[in-house]
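# A structural walkthrough
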Amino acid sequence: MISVPSPANPLAERASSTPGGPTEQDPGGPTEQEWSAAVAAIRAAGPTGRVLLMCHVLPDGDALGSMLGFGLALRRGSEARIQATFPGTTDLPPSLREMPGQELLVPADRAWTDPDLVLCFDVASDSRLGPLAGRLATAPSIVVDHHASNTRFGQIHLVDPHAAATSVVVEGLLDRLGFGVDQQVAECLYIALVTDTGSFRFDMTTPAVHQMAARLLATGIRPADISRRLFDSRPFGAVQLFGEVLRRAVLEPDSAGGRGLVWTYATLADLERYDQQPYVLEALIDSVRCTIEADMACVLKQVGETSWAVSMRSKGGVDVSRVATALGGGGHRLAAGFTGQGEVSEVIAAIRAEVR
Ligand code: MN
């Protein structure tokens, strides 16, 4: 998870490398007591309850898909009234605008202040909820997540660090509630799963992940359409912008303890010149991190005059979560981020110093 409080950090929680494997202090998945407590709390919300679903700022496919997939299943399986929300801008990137369940979404400032039950999805720390974190004190709360770094905020924890995506935990919860997975729910959970496994390429792509994908595909959803929408759609201006930004990439074979560092940056002026929105830059790191001569990759995305959202990836030689934490951010071992201050050269120098 990225614990950067700045809502301007577009790295969000998408791990373009891997969500990170189990760690030594890994608490394991939810206990039977935790599952039962969650099921009881959802049933206790009762037929007329108001259930508030929340996910993290700048939601990615896993956050939004887990939240809306659960919301749609709850709507079909109960009489509960449901709102789904997240802090900050309600403007979703085009890749997520066609996800089923958008009708459940409300802006954060219109979300119930006194819900009967709160569920959080893919939120590793309540700092990622912005002003919505206050809702956790107003009602029983269930935290559904898969980050090993989850801070255990809230009351009932369904946190499974072995799960490749939060939607894996959601599927387990729906199963225990006896709620079916129809095509709309399946599409949400599938988007979540392909997002966090990098289309089944990352470390946590286990047999169980493929089995879950098979169950979801069996509902009749169309994986080619979903993948094209999610990963393979970009305005022409963004294609040209990528060309310019990639041409200025720098390879430093001797950095990162000789493992190699590759980096580039994109400014607000770049975005303006090509008439592009900041979200298009989220995919940029994937075009940089493929550099075989470098273990570590960085992309600096300007978010203010001297402020940069920094995305970092590693192939395994460098623990970028340690680097990010040292520089005020956070993340996973192979995918992390922080907000850097100063000129590009100063931010890169700070990174270089951390990986010497
Ligand atoms: Mn996730």
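Let me sum up the structure you'll find in this document. (Residues numbered from 1 in each chain as written. Predicted model: local features only at pLDDT ≥ 70, side-chain atom pairs only at ≥ 80, totals over all residues. Heavy atoms only, no water.)

### Digging into unusual backbone geometry
Cut-off, in case you're wondering: Each helix is a run of H or I in the DSSP string that is no shorter than four residues. Each strand is a run of E no shorter than two, and both are numbered from the N terminus. Whether a residue is buried, partly exposed or exposed follows from its accessible area with a 1.4 Å probe, protein chains only, as a fraction of its type maximum: under 20%, in between, or over 50%, in that order.
Notably, Leu-58 is not glycine yet its phi reads approximately 50°, a positive angle. By the element assignment, Leu-58 lies in the loop between strand 1 (50–55) and helix 2 (61–77). With a relative accessible area of 29%, Leu-58 lands in the partly exposed category. The phi dihedral of Arg-152 is positive, around 60°, even though this residue is not glycine. Mapping Arg-152 onto the fold places it in the loop between strand 4 (141–145) and strand 5 (156–159). Arg-152 sits in the partly exposed class, given a relative accessible area of 36%.

### Some remarks on the packing of aromatic side chains
What counts here: Pairing of aromatic rings covers Phe, Tyr and the six-membered ring of Trp, with a centre-to-centre limit of 6.5 Å; geometry is then stacked below 30 degrees between planes, edge-to-face above 60, and tilted otherwise. Only when the NZ of Lys or the CZ of Arg is both within 6 Å of the ring centre and within 35 degrees of the ring normal is a charge said to sit over the ring.
Here the structure, examined in full by the defined rule, presents 3 aromatic pairs. Here Phe-70 and Phe-121 contribute two aromatic rings whose centre-to-centre distance is 5.6 Å and whose plane-to-plane angle is 40°, an arrangement assigned as tilted. Of this pair, Phe-70 sits in helix 2 while Phe-121 sits in strand 3 (residues 117–121), and the two are 51 residues apart along the sequence. Residue Phe-121 is classed as buried on the basis of its relative accessible area of 0%. Each ring, one from Tyr-190 and one from Phe-200, has its centre 6.2 Å from the other, and the planes form 55°; the classification is tilted. With Tyr-190 in helix 4 (residues 183–196) and Phe-200 in the loop between helix 4 and helix 5 (207–217), the pair connects residues that are 10 residues apart, well separated along the chain. Taking NZ or CZ as reference, Arg-50 lies 5.6 Å from the ring centre of Trp-112, over its face. The ring of Trp-35 carries Arg-176 above its face, with NZ or CZ at 4.0 Å from the centroid.

### Focus on the sheet that holds strand 8 (residues 296–304)
Strand pairing within a sheet occurs via backbone hydrogen bonds; the two strands may be parallel or antiparallel. Under the convention used in this document: Think of it this way: DSSP has to see at least two bridges between two strands before they count as a pair.
Read across the open sheet, the 6 strands follow the order 6-7-8-9-11-10; overall the sheet is mixed. In the strand order of this sheet, the two ends are held by strand 6 (250–252) and strand 10 (330–331), each with one partner. Here strand 10 pairs with strand 11 (residues 335–341) via 2 bridges, running antiparallel. The residue of strand 11 that forms the bridge with Gly-331 is Ala-336.

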